[in-house]
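For reference, the chains in residue letters:
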Amino acid sequence: MATEKSPFAKFLKRYPKGTVLFHEGDEGEDMYIIQSGKVAIKKRVPHGETTLAILEKGDFFGEMAMLERLPRSASAEVVEAGDLIVISGDMFGDMIKANPEIAVRMLRKQSIRLRDTNKQLEEALRGQPTSV
C-alpha cells in the first residue's frame, strides 16, 4: 500500500463526516493536508455561519493560526469522510528546513487565495456607495 511508504503515513488520520477539526477562535498548533475527502472552512457572520471554501485532496488549511500563533480565523468541518495529514508547528519547521520548495508552494497557494478573496470583496462591494 502506498500510504505505508509515505513519510507522512504516521501523521495520517481518518476523520468521519461531521467531524469539527477546530472552531473559529480556538488556539491552533496544527495544520492539515487533505489526502482524501472534503473539508468546509466556515466563518461566523452576523446572520449565522457561511462557508468560505470547500477544500479537497491536496489542499492545506490551518496554517495561519499555526504560523501566526493567533486564534483560528474560521472553523473547519469534515463534509466528506477522508484522510488528513496533521502537521504540528515543530514538524512544519523541520519540513521547511529539509525542503524549502514546500514554503514556495504554500506562498503560491496563499497568493491565489488572497487574489480570490480580493475578487470576492470587489464583487460584494460593487454597487455599494463609496465613502470618502
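About the thresholds
- One numbering rule holds for all chains: residues counted from 1, following each sequence as written.
- Local features in this predicted model are restricted to residues of pLDDT 70 or higher, and side-chain atom pairs are both shown and tallied only at a pLDDT of 80 or more, whereas totals for entire chains, interfaces and linings draw on every residue.
- The side-chain values count all of the structure's non-hydrogen atoms but skip hydrogen atoms and water molecules.
- Every helix listed is a DSSP run of H or I at least four residues long, and every strand listed is a run of E at least two residues long, numbered separately from the N terminus.
- Exposure is judged per residue with a 1.4 Å probe applied to protein chains only, and the accessible area is read against the type maximum: over 50% gives exposed, under 20% gives buried, and values in between give partly exposed.
- Pairs of residues are marked as contacts when any of their non-hydrogen atoms sit within 4.5 Å.
- Values of accessible area rely on a 1.4 Å probe in the Shrake-Rupley scheme; residue burial ignores everything except the protein chains shown.
- We treat two strands as partners when DSSP finds at least two bridges between them.
- Every case where a carboxyl oxygen of Asp or Glu lies within 4 Å of a side-chain nitrogen of Lys or Arg is listed as a salt bridge.

Peer 1: Explain the overall build of the chain residue by residue, including any values.
Peer 2: Scanning the chain from terminus to terminus reveals four helices and eight strands. For the chain, the succession of helices and strands along the chain, N to C, is α-β-β-β-β-β-β-α-β-β-α-α. The principal-axis extents of the C-alpha atoms in the chain amount to approximately 55 × 35 × 25 Å. Across the 132 residues in the chain, those meeting the buried criterion constitute 27%. Across the chain, every contact between residues at least 6 apart in sequence was considered, and the portion connecting residues at least 24 apart equals 71%. Approximately 9100 Å² of the chain is accessible, and the part contributed by carbon and sulfur atoms is 54%.

Peer 1: Can you tell me about the pairing of strand β3 (residues 30-34), naming the residues and giving the values?
Peer 2: As paired strands, β3 and strand β8 (residues 82-88) are joined by five bridges and run antiparallel to one another. The partner of aspartate 30 across the bridge, within β8, is serine 88. As paired strands, β3 and strand β6 (residues 60-61) are joined by two bridges and run antiparallel to one another. Each residue of the ladder has a partner; that of isoleucine 33, found in β6, is phenylalanine 60.

Peer 1: Requested: an account of the pattern of salt bridges, with residues and values cited.
Peer 2: Counted under the stated rule, the structure contains nine salt bridges. Note that arginine 113 is salt-bridged to glutamate 63, the shortest N-O span being 3.0 Å. Taken together, the residues arginine 113 in helix α4 (residues 101-125) and glutamate 63 in helix α2 (residues 63-68) connect sequence positions 50 residues apart. The exposure class of arginine 113 is partly exposed, given its relative accessible area of 21%. The network of salt bridges with common partners includes Glu24, Lys43 and Arg44.

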